[in-house]
Amino acid sequence: MVDSFGRTIDYVRISVTDRCNLRCTYCMPEYGIESVSHFDILRYDEIIRIVKILAYHGFKKIKITGGEPLVRKDLHQLVAQLNQINGIEQITLTTNGVLLAESIDELVKAGISAINISLDTLNKELYHRMTRRDQLENALLGIKSALNYPQLIVKINCVPLGIKEQNLVEIASLAQNLNISVRFIEMMPIGYGNEFEFVSQKSIEQLIEKEYGPLIPVYEKLGNGPSKYYKIDGFKGIIGFISSLSHKYCDCCNRVRLTCEGFLKTCLQYNNGYDLRSLIRNGGTDEQISRAIIDTVDQKPLEHNFDKLNVKEKEIKSMFQIGG
Ligand code: SAM
Ligand code: SF4
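The model shown is predicted, which means the values in this text are computed figures rather than measured ones.

## Thoughts on the site of ligand 1
Now for step 1: Neighbouring ligand 1 are 17 residues, the closest being Tyr26, Gly67, Thr94, Ser118 and Met188.
Now for step 2: At 3.3 Å, a backbone N or O of threonine 95 approaches an oxygen atom of ligand 1.
Now for step 3: Separating an oxygen atom of ligand 1 from a side-chain N or O atom of serine 118 is a distance of 2.5 Å.
Now for step 4: Taken by itself ligand 1 offers 540 Å² of open surface, and the protein chains cover 94% of this.

Shown next as structure tokens:
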């Protein structure tokens, strides 16, 4: 599909739950979360129905996210069914990795081709403080289990927090001996992310270059997203940056998002889109769902305006509710 600004939209990020086994301070509060009721969460058959129609409209790539997608039961069964849909070429997953070791075999068998694992620090005490859970070892086990599959693309996603003990150079060093991408993702002013200091890409580049030498740009397009990649002499893997604030990528945006409640969102920053769950549960036909998808893609805004204070239709939900 092509949106009203001429961008090809062929990628959907599907959140399968708003629940999570961690409580990252920039994403979720510690207590008082009102989870979406099980009844209100899209069933797998409803997700499949929507994706079949998206695929009919040319969508090719799916990212499964959440909350923590691996807390949803039998996720591999959803992946296997998505993998059967004509036109779907790639299904990838974003996870905190804590439950990955126990589900990796089934996920790979079901057709997952790439996994992004979120890991903000290798410091056990800071990991515990930032996620409010003592799960670093399980997250590392998850990464190790993914690396047992040479055909799987494994990326580490790290959100810089402006905290010295986070040791971003140590995180970057994971790409030294392993064939993985380590990506630094700028904190977005969404939900609890508003409470954190902004850490610029430039400052991280300087830290890494001081330790390991020059970052050499990779010009080849890698992955579905806006990441800018660099090689470092002697590194097996690569370093990436996703800097949606300091380097706006909206002109090449290729995605929509389906929340776990079945709301098809046009953009992270805005609350507009279409309530596909109500449409489906009120007997909507495939033609009506199709029309709703076309309308949603048509409404995609030109760009985010995170730097502006008064934005109309601003999203007030947090990342775990939207699906990051
Ligand atoms: N639980 C999974 C995980 O952590 O990978 C999937 C969902 S999580 C919301 C997806 C990604 O969003 C994570 O990499 C997390 O670090 C990132 N994230 C959450 N809040 C953010 C924010 N305010 N700015 C930038 N990234 C954020
Ligand atoms: Fe959970 Fe991911 Fe949010 Fe952390 S970033 S609280 S792991 S959903």
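## Considering helix α1 (residues 44-56)
Now for step 1: Across its 13 residues, α1 extends 18 Å between first and last C-alpha, which sits within 8% of the 18 Å expected from 1.5 Å per residue.
Now for step 2: Along α1, the residues that are buried comprise Tyr44, Glu46, Ile47, Ile48, Ile50, Val51, Ile53, Leu54 and Ala55.
Now for step 3: Elements in contact with the buried residues of α1: β1 (11-15), β2 (61-65), α2 (75-83), β10 (255-258), α9 (276-281) and α10 (286-298).
Now for step 4: Glycine 58 lies just past α1 and shows a positive phi near 100 degrees.

## Digging into the nonpolar core
Now for step 1: Ile64, Leu75, Leu82, Phe184 and Ile239 are the most contacted members of the largest nonpolar core, which has 92 residues in total.
Now for step 2: Broken down by element, this core gets its largest block of residues, 8 residues, from α1.
Now for step 3: Dropping the residues within four chain positions of it, isoleucine 64 is found in contact with Ile14, Val16, Pro69, Leu75, Leu78, Val79, Leu82, Ile91, Thr92, Leu93 and Thr94.

## Brief notes about the packing of helix α3 (residues 100-110) against helix α5 (residues 136-147)
Now for step 1: Where α3 meets α5, the axes come as close as 8 Å, and the angle between the chain directions of the two elements is 25 degrees. If you check the angle between α3 and α5, you find them roughly parallel. α5 is crossed by α3, and the crossing has right-handed handedness. When α3 is examined against α5, the residues Leu100, Ala101 and Ile104 are found in contact with a partner set consisting of Leu141, Gly142, Ser145 and Ala146.
Now for step 2: Within the contact of α3 with α5, the residues separate by chemical class into 5 nonpolar, 2 polar and no charged.

So, how was this worked out
- Residues numbered from 1 in each chain as written.
- Chains lettered and ligands numbered in written order.
- Predicted model: local features only at pLDDT ≥ 70, side-chain atom pairs only at ≥ 80, totals over all residues.
- Heavy atoms only, no water.
- Near = heavy atom within 4 Å.
- Polar contact = N/O pair within 3.5 Å; in protein donor to acceptor, adjacent residues only side chain to side chain.
- Areas by Shrake-Rupley, 256 points an atom, 1.4 Å probe, with all protein chains shown as cover.
- Helix = DSSP H or I, 4+ residues; strand = E, 2+ residues; numbered from the N terminus.
- Expected span 1.5 Å × (residues − 1).
- Buried < 20%, exposed > 50% of the residue type's maximum accessible area, 1.4 Å probe, protein only.
- Contact = heavy atoms within 4.5 Å.
- Core = buried A, V, L, I, M, F, W, Y, C linked by side-chain atoms within 4.5 Å.
- Axes fitted to C-alpha atoms, helices over the stretch in contact; angles between N-to-C directions.
- Parallel < 35°, antiparallel > 145°, perpendicular 65-115°, else oblique.
- Left-handed = near helix turned anticlockwise from the far one by under 90°.
- Nonpolar A, V, L, I, M, F, W, Y, C, P; charged D, E, K, R; others polar.

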